[in-house]
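Results of the structural survey
Read off the chains here:
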Amino acid sequence: MNRRKGYEGVAVAVPVTVPYVRHSTRSAHWFIGQALEALVKVSGLAKEQIDGLTVSSFSLAPDTAVGVTQHLGLSPRWLDHIPTGGASGVMALRRAARAVQAGDADVVACVAADTNHVDSFRQTLGSFSNFARDASYPYGSGGPNSIFAFITSNYMREFGATREDFGRIAVDQRTNALKNPNAMFKKPLTLDEYIAARPIADPIHLFDCVMPCAGAEAFLVMSETRARELGLAHVLVRGAIERHNAFADDPVMVRGGWLVDRAELYAQAGVQPKDIDFVQTYDDYPVIVMLQFEDLGFCGKGEGPSFVRENRMTHDGSFPNNTSGGQLSAGQAGAAGGFLGMTEAIRQLTDAAGERAVPDAQLGLVAGFGMVTYDRCLCTGAVILGRALTPALSRKRERETHDSLSTVPGGEGRGEGAGRSA
Amino acid sequence: MTMPLMKPKRKNPLIRTRQMSLPPGARGRIALGMTAAAAEGRFELQVCQACAAVQYPPREACHRCLSPRLKWTPQSGEGRLLSTTTLHHSNDLFFRERLPWRLGLVHLDSGPTLIVHLHGEVEEVVDAPRRVRVGARLDRAGQAVLIGFPNEESVHMADDRMLREMTSDPKFRKVLVTDGKTAVGQALVQAMVKAGADIVWVGHAEPWKKLPGWDDISKLPQVTLVPLDLTNGKSVDELSGEIGGKVDIVINNAEVHRTYGIGSRRGTDVAKAEMDINYFGALRLAQAFGGALKSRAADGVTSATAWVNLLSIYALSNFPSHGTYSASKAAAYSLAQCLRAEMRSSGIRVINVFPGPIDDEWNQALPPPKVSPAALASAIVKALRDGVEDVYPGDVAQEWLERWRDNPKVLERELAAGGS
């Protein structure tokens, strides 16, 4: 197999969050419009200069990305509709990065947005997929809660995890969320409160579940040169993978597609798991966060429970995870939940994370996980983002094309070029 | 062990009768194949004819070899229960009103993983996966769902709370049998009483006549004889006014059966008499009792639940030596499909029974095998308990059904040539 081309020269910038609300009478188009307006304002680009667009949304129907172009008066020369929920952030970035590298687009706006009407969550569940309509929704109509209850219960039995172990993930994320002004949850959460929460689908309890809400997340993908010319704080793409419908013969999900491709991810970035300063896992349920710790190589299979006992996962802890609070504490704005880790990672690596900053963060990993069509999520993806090189370092790196791939960029001069952030 | 169902107390007439809310009933066209099998009491999954891989959820092409040749094939349902959950929350009204609700994840020995409703006797998975047997049932929306049953049968299994939501068990229910004068009617009454029916109203078109076997059923404490003449709309309406709001199961077994086809008789009197009971009688009954039944479909553990039509295997293809009777049953079958569609929104199950020749006087000239009235009655009880929709009791019915499914035109030719 040919070695995949790397993502050298691709910059990700202008993380935008359209504030979340529990319910909204607006449509998804409104949230996409707000996100694009912010991208334009913060970047200083004219709307016409955005010549690539990806859209991820569950509540846009019957429109797709192309409907958005007319609705918002865009005329991109490159367009992609990426309706893959929790994996859409990583997938949008990968596609946009290739478009930029190939010259098919100069500046790609990657947008994920969903509205949440009072009854829209229920309606989405019943028509989420053909398999859900035929083989999961008629069984109790619990939505993903029942599926992840099976996965959690099986994981607990097989690997000895306890509710406390999952609680540690939720509690530390809440601690992070308290420093995120946009998080939906504003109150601290203790482990006792987590344990005492009402059951939803045993062993899933209230604080294992995300709160559906309305909102948007977005970012721009362009060449590193362009980002520098525009004076935009940006991060670099060091490596990225995706995999769909992996381990289809496992009767119940105990591992995800990250495991198939992770060696390539780290090889592409030239780093090891121990070099990563923070992770933004996809946290639809805590058990999935634990699977990502394992399958992305931070600990071995079945070691998730001891890993969470040994680490603090707050932004200033030994293993910072979901520093925005994640969906469990910030809220799940539909497909925007799949972008939450990406915008947060860009902020962390451009010194825009405020008081929840991960100290001295150079490298961050963002994982995606999406689409429970039947009994498991099908899409997995991950991307490693690195702090942008200073111009001097960048020139040095160009001279050492081959060797530098295995080097983590140094920390000196960080913040230079970080002119603006959203 | 399932706790035996206790007879519910008399209902307070002032309390609001709960309205029916159905479980999610949307299915794709392919998935309806599972419903078609479950409607006859079978658990079938698609099996690839090229590589033998078993598919689930239902698909358009094999997930292993991409062949489109997927055939619905009966399954043993043997498998391992990997995981369970109890829902305390649901997004759907039907389940919200019935929480908590247990579900399981089963790895079938034949390959696929299934999400199933769990029978109460299936215990939690503690250390290792547990052996279970999966079966298919129709739920209240009339769509197939999978159920995880315990490996061992037990006495009161049918009383399981979840299972009773799927089935139409006569236990503690009030039943109307429309004609008590026939051998089949009397066997039905006996069978309903034996199955635990609370009250069996037995229709009698000519109450002044004393008929053989009448004493045997009228002395049963559960039985009440009621005047009912299906040829007379007023008679049907009067009975409906009296008991329509209480009946949980209607069994329409009233029929007129005369032999011969077109050429052996002059005039239409006999054919009209057949139609007047077999078709118009069913129509009058449905108009009078259907609405009341629908309104009580969620009325507690002994809610209104089912409507049984006694049709005939001759409804599928005309049997010329019983030609006009076949025609009336074909009309009744078509009407029963309409009734089923109209009842669907309330969750009332319409059960169509297609027996082969019954061992009674009007089939005297036909050779065995014939279905005995008792066997027919127990097939109907079983249909109610299993919640199936279509029943073909007797060897002849089974054989005709197979021939009809194989090639209806060939069957028509065989029957025209005097074959049976």
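Residues numbered from 1 in each chain as written. Chains lettered and ligands numbered in written order. Predicted model: local features only at pLDDT ≥ 70, side-chain atom pairs only at ≥ 80, totals over all residues.

**Quick look at the overall build of chain A**
Helix and strand content of chain A: 15 helices and 11 strands. For chain A, the C-alpha radius of gyration of 20 Å lies close to 22 Å, the compact-globule estimate for 422 residues. Taking the principal axes of the C-alpha coordinates as reference, chain A spans close to 55 × 45 × 45 Å. When each of the 422 residues of chain A is scored for burial, the buried share is 59%. Contacts in chain A between residues far apart in sequence, at least 24 positions, make up 78% of those at least 6 positions apart. (Helix = DSSP H or I, 4+ residues; strand = E, 2+ residues; numbered from the N terminus. Rg over C-alpha atoms; globule rule 2.2 N^0.38 Å. Buried ≥ 20, exposed ≤ 12 C-beta atoms within 10 Å, placed from the backbone. Contact = placed C-beta atoms within 7 Å.)

**Here's the deal with the interface of chain A and chain B**
Each partner contributes residues to the interface: chain A has 32 residues there, and chain B has 32 residues. At the level of secondary structure, the elements contributing two or more residues to the side of chain A that touches chain B comprise helix 4 (120-126), helix 5 (130-136), helix 6 (144-159) and strand 5 (199-201) of chain A. For the side of chain A that touches chain B, the element with the most residues is helix 6 of chain A, which contributes seven residues.

**Here we look at unusual backbone geometry**
Residue A61 of chain A is joined to P62 of chain A through a cis peptide bond whose omega torsion reads 5°. With respect to the element layout, P62 of chain A can be found in the loop between strand 2 (52-56) and helix 2 (65-72). The peptide bond linking Y56 of chain B to P57 of chain B adopts the cis configuration, its omega dihedral lying at -5°. Along the chain, the position of P57 of chain B falls in the loop between strand 2 (54-55) and strand 3 (70-74). Here the phi dihedral of V14 of chain A falls at roughly 55°; this positive angle occurs in a residue that is not glycine. Take V14 of chain A: it is sitting in strand 1 (residues 10-21). Residue classification places V14 of chain A among the buried positions, given that 30 C-beta atoms sit within 10 Å. Residue Y260 of chain B is not a glycine yet carries a positive backbone phi of 80°. Its place among the elements puts Y260 of chain B in the loop between strand 12 (249-252) and helix 7 (269-278).

**Concerning the domain arrangement of chain A**
Reports of interface size often rely on the accessible area that becomes lost once the parts have come together. All names here are of chain A. Under the domain assignment used here, chain A contains domain 1 (10-119 + 212-229) and domain 2 (130-210 + 236-404). Between the C-alpha centres of domain 1 and domain 2 the distance comes to 22 Å. Each partner contributes to the interface: domain 1 provides 35 residues, whereas domain 2 provides 36 residues. The leading source of residues in the side of domain 1 that touches domain 2 is strand 1, at eight residues. Classifying every residue of the side of domain 1 that touches domain 2 gives 20 nonpolar, 11 polar and four charged. (Domains from an automatic or database assignment. Nonpolar A, V, L, I, M, F, W, Y, C, P; charged D, E, K, R; others polar.)

**Focus: the confidence of the model for chain B**
Per-residue confidence for chain B averages 94 on the pLDDT scale, and 100% of its residues sit at or above 70. The ipTM value of the predicted complex is 0.91, and its pTM value is 0.92. (pLDDT = per-residue confidence, 0-100.)

**A short note on the pairing of strand 1 of chain A**
When a strand is regular, its side chains alternate between the sheet's two faces. Residue and element names in this part refer to chain A. A large share of strand 1 lies buried, amounting to 10 of its 12 residues. Bridge count for strand 1 against strand 7 (residues 214-223) is eight bridges, and the pairing is antiparallel. Looking at the pairing, V18 lines up with A216 of strand 7. (Pairing = 2+ DSSP bridges.)

**Some thoughts on the sheet that holds strand 3 (residues 78-81) of chain A**
Residue and element names in this part refer to chain A. Within the open sheet, the nine strands sit side by side as 3-2-4-7-1-8-11-10-9. Their pairing is mixed. Single-partner strands in this sheet number two, and they are strand 3 and strand 9 (278-280). On average, each strand axis in the sheet is inclined to that of its neighbour by 20°, with strand direction left out of account. Examined bridge by bridge, strand 10 (residues 363-372) and strand 11 (residues 377-387) share nine bridges and lie antiparallel to one another. Bridging from a neighbouring strand, L365 pairs with I384 of strand 11. (Axes fitted to C-alpha atoms, helices over the stretch in contact; angles between N-to-C directions.)

**A few points about helix 10 (residues 258-269) of chain A**
Residue and element names in this part refer to chain A. Of the positions making up helix 10, those classed as buried are W258, D261, L265, Y266, Q268 and A269. End-on view of helix 10: buried residues confined to an arc of 155°, all on one side of the axis. Those residues of helix 10 that are buried lie in contact with strand 8 (234-244), helix 11 (286-295), strand 10 and strand 11. Looking at the residues trailing helix 10, positive phi occurs at G270, about 70°. (Arc of directions from axis to C-beta.)

**What to know about the pairing of strand 8 of chain A**
All names here are of chain A. Counting buried positions along strand 8 gives nine out of 11 residues, so the element sits mostly inside the fold. By the bridge criterion, three bridges tie strand 1 to strand 8 in an arrangement that is antiparallel. Opposite V12, over in strand 8, you have V235 as the bridge partner. Bridge count between strand 8 and strand 11: nine bridges; the pairing is antiparallel. For A240, the partnering residue across the bridge sits in strand 11 and is V383.

**Quick look at the domain arrangement of chain B**
All names here are of chain B. Taken domain by domain, chain B consists of domain 1 (32-166) and domain 2 (174-416). Taking only C-alpha atoms into account, the centre of domain 1 sits 31 Å from that of domain 2. Facing 10 residues of domain 1, the contacting portion of domain 2 comprises nine residues. Breaking the side of domain 1 that touches domain 2 down by element, the ones donating at least two residues are strand 7 (130-138) and helix 3 (161-166). When the residues that make up the side of domain 1 that touches domain 2 are grouped by side-chain class, the tally is four nonpolar, two polar and four charged.

**What to know about the packing of helix 3 (residues 88-102) of chain A against helix 14 (residues 337-349) of chain A**
Residues and elements named next belong to chain A. In the contact formed by helix 3 and helix 14, the axes pass within 6 Å of each other and the chain directions differ by 65°. Two secondary-structure elements touch here, helix 3 through S88, G89 and L93 and helix 14 through G338, F339, G341 and M342. In terms of residue class, the contact of helix 3 with helix 14 is made up of three nonpolar, four polar and no charged.

**Remarks on the sheet that holds strand 3 of chain B**
Residue and element names in this part refer to chain B. Reading across the sheet, the three strands line up as 2-1-3 and stay open at both edges, with antiparallel pairing between neighbours. Either end of the sheet is taken by a strand with one partner, and the two such strands are strand 2 and strand 3. Alignment of strand 1 (residues 44-48) against strand 2, held across two bridges, turns out to be antiparallel. Looking across to strand 2, one finds that V47 is bridged to V54.

**Concerning the packing of helix 8 (residues 280-295) of chain B against helix 9 (residues 323-344) of chain B**
All names here are of chain B. In the contact formed by helix 8 and helix 9, the axes pass within 12 Å of each other and the chain directions differ by 15°. When the axes of helix 8 and helix 9 are compared, the pair comes out roughly parallel. Judged by the twist between their axes, the crossing of helix 8 over helix 9 is right-handed. Judged by residue contacts, A282, L283, A286, G290 and K294 of helix 8 engage A332, L335, L339, E342 and M343 from helix 9. Here the contact of helix 8 with helix 9 is built from residues that sort into seven nonpolar, one polar and two charged. (Parallel < 35°, antiparallel > 145°, perpendicular 65-115°, else oblique. Left-handed = near helix turned anticlockwise from the far one by under 90°.)

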